[in-house]
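Tertiary structure, described
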Amino acid sequence: MTDDTIVQAAGLTRRFGDVLAVDDASFELQADRIYGLLGRNGAGKTTLMHLLTGQDFPSAGALEVFGHAPAENAHVLQQLCFIKESQRYPDDFRVKHVLRSAPWFFENWDADFAEQLVDDFQLPLNRRIKKVSRGQLSAVGVIVGLASRAPLTFFDEPYLGLDAVARQTFYDRLLADYAEHPRTVVLSTHLIDEVADLLEHVLVIDRGRIILDEGADELRESATTLVGARATVDAFVGARDVLHRDGIGGLTSVTVTGLTAPERREATASGIELAPVSLQQLVVHLTRSSEKEFA
Ligand SMILES: Nc1ncnc2c1ncn2[C@@H]1O[C@H](COP(=O)(O)OP(=O)(O)OP(=O)(O)O)[C@@H](O)[C@H]1O
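Residues numbered from 1 in each chain as written. Predicted model: local features only at pLDDT ≥ 70, side-chain atom pairs only at ≥ 80, totals over all residues.

The name given to the protein in an unreviewed UniProt entry is ABC transporter ATP-binding protein, with Pseudolysinimonas kribbensis as the source organism.

**Focus on the overall build of the protein**
Here is the rule we go by: Strands are runs of DSSP state E lasting at least two residues, helices are runs of H or I lasting at least four, and both sets are numbered from the N terminus onward. Exposure classification rests on a simple neighbour count of other C-beta atoms within 10 Å of a residue's own: a residue reaching 20 or more is buried, one at 12 or fewer is exposed, and one in between is partly exposed. C-beta atoms are placed from the backbone. Whether two residues are in contact is decided by their C-beta atoms, placed from the backbone, lying within 7 Å.
Assigned secondary structure in the protein consists of 11 helices and 13 strands. Principal-axis analysis of the C-alpha atoms gives the protein an extent of 70 × 45 × 35 Å. Every one of the 295 residues in the protein was classed for burial, and the buried ones make up 35%. Pairs at least 24 residues apart make up 69% of the contacts formed inside the protein by residues separated by at least 6 positions.

**Remarks on the site of the ligand**
Rules: In this analysis a residue is considered near a molecule or strand if the C-beta atom, reconstructed from its backbone, is found within 6 Å of that molecule or strand. Residues are sorted three ways: Asp, Glu, Lys and Arg are charged, Ala, Val, Leu, Ile, Met, Phe, Trp, Tyr, Cys and Pro are nonpolar, and all the rest, Gly among them, are polar.
Taken together, Phe16, Val19, Ala21, Gly39, Asn41, Gly42, Ala43, Gly44, Lys45, Thr46 and Thr47 are the residues near the ligand. Going through the elements one at a time, strand 2 (19–30) and helix 1 (45–52) are the ones with two or more residues in the shell around the ligand. The leading source of residues in the shell around the ligand is helix 1, at 3 residues. Broken down by class, the residue content of the shell around the ligand amounts to 4 nonpolar, 6 polar and 1 charged.

**Details of the sheet that holds strand 9 (residues 209–215)**
Applied cut-off: Each pair of strands is called paired provided DSSP finds at least two bridges between the two strands. Note on geometry: axes are C-alpha line fits, over the in-contact stretch for helices, and angles between N-to-C directions span 0 to 180 degrees.
Spatially, 6 strands are ordered 5-6-7-3-8-9 in an open sheet, and the strand pairing comes out mixed. At either end of the open sheet lies a strand with only one pairing partner, and these are strand 5 (80–84) and strand 9. When the angles between neighbouring strand axes are averaged without regard to direction, this sheet yields 15 degrees. Alignment of strand 5 against strand 6 (residues 152–156), held across 5 bridges, turns out to be parallel. Note that in strand 6 the partner of Phe82 across the bridge is Phe154. In the packing of helix 1 onto the sheet, the strands contacted are strand 3 (34–38), strand 5, strand 6, strand 7 (184–188) and strand 8 (201–206), and the crossing angle to strand 6 comes to about 155 degrees.

Here is the structure:
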């Protein structure tokens, strides 16, 4: 733990009957960093965020957010913002009412920034929330999440219904605003490649367990795909840890972890091509190999 640690989870567990939605998770979140919380459907992402935002209680384990258990703790909760797709609003609320009430909940609320974002996303301020399109509803969430400037902001798959242009606007505004107003952002998403450049740290959860907790740069450098003649590649790979293997005819492509600089030179010298592995590929490989372990 460092002075910058704002979340500390040790053995955090949430059980629903015989389902371990979060299973013995131990990790920390640091101040002023953008995290990706990645995992397959049902992996436990939303449950973990519910625990971190005090909307649910752990079955076991210890959890501190800004130094305290988050549930029913006003001091902690006022520093959090949780944006989720299923957000409910009062029946008669219009878009403008959501934005007008936001300053009651978020002390860092920036109304000018919110107004600019309304323009960016072309939101109809006077329309009833019940009548806005799915994408517009997501945009309302994105605007609240950004303009609240909460010290710890969670976006749980915020993009549903947003088209590609609007998603890019979200990523651009998030990055620009984060540079001026650093805070901690946790982004849960399936669109890993789209957000890969945004993320500074990645947590991968699989069947409730944290199977990866690493800096995005280290992660990108941690695996390489070797492409070349099958015999040459196989000879080079030897007994290495293989994440993925693919091939067609005499050509093969093998993804391995942990290549040193001299090993990379050696591979290139023997005619093997080295290709980077995208974050998405890496997460897919990792969750697949963890599936095999369970099998
Ligand atoms: N209230 C609940 N009662 C029973 N089981 C639950 C409950 N909430 C979640 N679960 C189960 O816990 C597991 C984790 O669910 P969770 O919603 O956290 O996953 P997720 O990673 O957010 O999935 P997705 O990407 O599909 O949204 C799933 O197996 C889910 O069915």
